[in-house]
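Results of the structural survey
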Amino acid sequence: MFAVDNDKKDEADPTGATKTTGARLAWSAVVLTVLAGALPLLLWRTRARIRPWLPAAVAAPAGSVRAAQVIVIEGRREAREAAVSADSIRYLPFDVPPGVTRIHVKKEFDHGPDPNARNTVDLGLFDPRGYAFGGPGFRGWQGGMPDDLVLSGDMADSPYYLAGPIPAGRWHLAQWFIKSTRAGLGYKYIITLSFDGAPPPARMPAVPRYQPGVLNPAPGWYAGNLHAHSRHSDGTRTLAEVVARNKAAGFHFLAATDHNTPRHHYEFAATAQQHPDHLLLFGDEFTSPFGHANIIGQRPGHWFDFRINGGDGRLPQIIAQAHRQGAIFMINHPFTGCTTCLWRYPFAEAQSADAIEVWNGTWNEDDRLAVEWWDRLLKQGRRIHALGGSDYHRGDDPLMPATWVYARNLSQPAVMEAMRRGRAFLAESPHGVKLYLSAQNGRALPGDSIRLYSGDAVAVQVRVTGGQGLTLRLVSCGGEAQRPIASADAVLNLSVPLKSRVANERKTASAAAADARRTALPAPASGCYVRAELRRPDGAMAALTNPIYITVERGAK
């Protein structure tokens, strides 16, 4: 032991050194010698006590966090390699060591000497579980969005990728080279693997529970937008912002359909806290090389593998997956000419599809062609429904059309049931013109089937609101009849005989009640249908209904 005189201060010499007595130096030397000899034993005993009880991060010496590791993947794709085909996807491997907490990928592309020419390249990520078709290794798809790829254990780090475990092993960047410049593509991916930050979870997180229940118990017509994108694919707004805009426009429900990812499903519960009176449907725009389709009503968090080509037999598997989950499969904008938008699958592979998006955004020539294709399929005896969606992406993109469904209430099960049955009509917006079609004194609505016998006639009622100046087209498998609408609200009662091929038209006391012209309407054959449209003077669609299907039985009842 040694004593320290707290009253006597050491005197500083002119150089700043401290004067110390010889006795104190001697005692200090003795103490240090003893401690040096005992230190190894002391540290060994202390370490033996601490290691079983403290986590490694606490027991590790300060400053022992590993430095970030950088991997560079670079190469070229020649122009001839680009194709609107799953065959042009290349899987670029990189190895992740244990302990990684964050993956960050920066993209650098050389598009060639022409500053106005750009390659089209999509990007996705697969973990060590592999990239086999339909396998579990999918971790996200950002398509052609220019943002860096980021994946960690925190969903907030990236709008595109599924946060969760970052297991050691071989990962793959999926590079889809869709369209090339004449110079081809030079690419570089700079991958930074970080070891600091919060450790990722051991298991993939479940989608937060969203069970809205019944938002309105009344049966009736509800307006929905069946096609919308958020920042989780190529939209610019959050899901909550998209919902707010749809709600303000008068919609009652929204199908959120970001491209090739279920990432947006993880935001449903939080969005519902902000907008509890607006119904959300889990969806996914299946954006494949041979065309797009909306899958609506799927299991939350499920990914549908889009890496298929026409003729490879995989499309029926995807549609079957959707149906097993209670979802509908809607062929999107089949005649739109963007790189992968045009529907090129043989119809034999898509014959179990539920619907066609015959109206996508603002009405145009692509939609006219879609309606004509749909009507040809109806005339062939196929029962496939017409639906529509705004395909909303950003800013003030128009929210049209509205898909009105007749549901027993406003809930996920009821709305999905209505769409599966085709109990729907389309209109320009939730406000303005509406078109209601029914048959047999209102007992049959669009999507329903009725059975008639030889000698009977089908009684059809058409009710129009907000339709003054428009033209009604009543379409069947054998032809059509047209009628101008002279007032804002009108009700037309039509009797369609099966033999005379002439329909007596009786208008109620709304408008043009005195006009009792007879309108020729071809009689339906076995397996026929009747549907209605409202057209503007320039031919643009204002509203259209799904068919009421008619089965004709020859002979007496």
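The paragraphs below set out a description of the structure included in this document. These numbers were taken from a predicted model, which means no experiment stands behind them.

1. Thoughts on the environment of His227
- Along the chain, the position of His227 falls in the loop between strand E9 (220-225) and helix H3 (239-249).
- Along the chain, His227 and Leu254 lie 27 residues apart, while their C-alpha atoms are 7.8 Å from each other.
- Within polar-contact distance, the side chain of His227 engages the side chain of His229 at 3.2 Å.

2. What to know about unusual backbone geometry
- In this model, Met400 is joined to Pro401 through a cis peptide bond whose omega is 0 degrees.
- Along the chain, the position of Pro401 falls in the loop between strand E15 (385-389) and strand E16 (402-407).
- Residues other than glycine seldom take positive phi values, yet Asn260 does so here, at roughly 50 degrees.
- One can find Asn260 in the loop between strand E10 (253-256) and helix H4 (268-274).
- If you check the backbone angles, Gln440 has positive phi at about 50 degrees while not being a glycine.
- Relative to the helices and strands, Gln440 is located in the loop between strand E18 (434-439) and strand E19 (449-453).

3. Points about the sheet that holds strand E4 (residues 120-126)
- As summarised here, the arrangement of the four strands in space is E2-E7-E4-E5, forming an open sheet in which the pairing is antiparallel. Of all the strands in the sheet, the pair left with one neighbour each is strand E2 (89-96) and strand E5 (138-143). Each adjacent strand pair in this sheet contributes to an overall mean axis angle of 20 degrees, direction not counted.
- Relative to strand E7 (residues 169-179), E2 runs antiparallel, the two sharing eight bridges. Looking at E7, one finds that Arg90 is bridged to Gln175.

4. A look at the sheet that holds strand E8 (residues 185-194)
- As summarised here, the arrangement of the four strands in space is E1-E8-E3-E6, forming an open sheet in which the pairing is antiparallel. Two strands close off the open sheet at either side, each with one partner strand: strand E1 (69-77) and strand E6 (149-152). For this sheet, the mean inter-axis angle between neighbouring strands, taken without regard to orientation, is 15 degrees.

5. Here's the deal with the side chain of Thr257
- Examined against the element boundaries, Thr257 turns out to sit in the loop between E10 and H4.
- Contacts of Thr257, omitting those with residues within four sequence positions, involve Leu226, His227, Ala228, His229, His264, Gly283, Asp284, Glu285 and Asn294.

6. Considering the environment of Phe304
- If you trace the backbone, Phe304 turns up in the loop between strand E12 (291-296) and helix H5 (315-324).
- For Phe304, a relative accessible area of 0% gives the class buried.
- The contacts of Phe304, once residues within four sequence positions are left out, are Asp284, Phe286, Ile295, Gln298, Ile318, Gln321, Ala322 and Gln325.

7. Focus on the state of the cysteines
- For the structure on display, the rule yields one disulfide.
- With a sulfur-sulfur separation of 1.5 Å, Cys338 is cross-linked through a disulfide to Cys341. Classification of the bridge connecting Cys338 and Cys341 rests on its S-S torsion, roughly 80 degrees, and on that basis the disulfide is right-handed.
- Taking the relative accessible area as the measure of exposure, Cys338 reaches 35% and is therefore partly exposed.

8. Section: the packing of aromatic side chains
- Summed over the entire model, instances satisfying the criterion amount to 25 aromatic pairs.
- With a centroid separation of 6.2 Å and 75 degrees between ring planes, the pair formed by Tyr91 and Phe126 is classed as edge-to-face. With a gap of 35 residues between them, Tyr91 in strand E2 and Phe126 in strand E4 connect regions that are remote in the sequence.
- Look at Trp221 and Tyr406: their rings are 5.4 Å apart centre to centre, the planes differ by 70 degrees, and that puts the pair in the edge-to-face class. One end of the pair, Trp221, is in strand E9; the other, Tyr406, is in strand E16, and 185 residues separate them in sequence.
- By the ring-pair criterion, three or more aromatic residues cluster together here, those being Tyr91, Phe126, Tyr131, Phe138, Trp141, Trp176, Trp303 and Phe306.
- In this structure, Arg314 packs its charged tip against the face of Phe133, placed 4.0 Å from the ring centre.
- Looking at Arg463, its charged tip hangs above the ring of Tyr436, at a distance of 4.1 Å from the centre.

9. Regarding the pattern of salt bridges
- Applying the stated rule across the entire model yields 22 salt bridges.
- In this structure, the salt-bridge partner of Arg307 is Asp305, at a minimum N-O distance of 2.6 Å.
- Asp305 gets classed as buried once you look at its relative accessible area, which sits at 3%.
- For Lys379, the salt bridge identified is with Asp375, shortest N-O distance 2.3 Å.

10. Brief notes about H5
- Regarding H5, the residues found buried are Leu315, Ile318, Ile319 and Ala322. Mapping the buried residues of H5 onto a view down its axis gives an arc of 95 degrees, with all of them on the same face.
- Once H5 finishes, Gly326 follows within two positions and takes phi at roughly 80 degrees, a positive value.

11. Considering H3
- Listing the buried residues of H3 in full gives Leu239, Ala240, Val242, Val243 and Asn246. Angularly, the buried residues of H3 cover 160 degrees about the axis, an arc narrow enough to put them on a single face.
- On the buried face of H3, the contacting elements are E9, E10, H4 and strand E11 (279-288).
- Within two residues after H3, Gly250 carries a phi angle of roughly 105 degrees, on the positive side.

12. Considering the pairing of strand E21 (residues 471-476)
- For E21, a buried count of five out of six residues is recorded, marking the element as mostly surrounded by other parts of the structure.
- Judged from the six bridges that link them, E21 and strand E22 (residues 479-484) form a sheet pairing that is antiparallel. Each residue of the ladder has a partner; that of Thr471, found in E22, is Pro484.
- The turn joining E21 and E22, which pair antiparallel and follow one another in sequence, is formed by two residues.
- By the bridge criterion, six bridges tie E21 to strand E26 (residues 528-535) in an arrangement that is antiparallel. By the bridge assignment for E26, Leu474 is matched with Ala532.

13. Points about the nonpolar core
- Phe253, Leu281, Ile296, Met419, Val462 and Leu534 are the most contacted members of the largest nonpolar core, which has 66 residues in total.
- A total of five residues in this core trace back to one element, the largest contributor, which is helix H8 (residues 412-421).
- Setting aside residues no more than four positions away along its own chain, Val462 makes contact with Leu435, Tyr436, Leu437, Leu472, Leu474, Ala490, Val491 and Leu492.
- If you look at the next biggest cluster of nonpolar residues, it comprises 52 residues, including Phe126, Phe138, Phe290 and Tyr549.

Conventions and cut-offs
- Residues numbered from 1 in each chain as written.
- Predicted model: local features only at pLDDT ≥ 70, side-chain atom pairs only at ≥ 80, totals over all residues.
- Heavy atoms only, no water.
- Helix = DSSP H or I, 4+ residues; strand = E, 2+ residues; numbered from the N terminus.
- Polar contact = N/O pair within 3.5 Å; in protein donor to acceptor, adjacent residues only side chain to side chain.
- Pairing = 2+ DSSP bridges.
- Axes fitted to C-alpha atoms, helices over the stretch in contact; angles between N-to-C directions.
- Contact = heavy atoms within 4.5 Å.
- Buried < 20%, exposed > 50% of the residue type's maximum accessible area, 1.4 Å probe, protein only.
- Disulfide = S-S within 2.5 Å.
- Phe/Tyr/Trp six-rings, centres within 6.5 Å; stacked < 30°, edge-to-face > 60°.
- Lys NZ or Arg CZ within 6 Å of the ring centre and 35° of its normal.
- Salt bridge = Lys/Arg side-chain N within 4 Å of Asp/Glu carboxyl O.
- Arc of directions from axis to C-beta.
- Core = buried A, V, L, I, M, F, W, Y, C linked by side-chain atoms within 4.5 Å.

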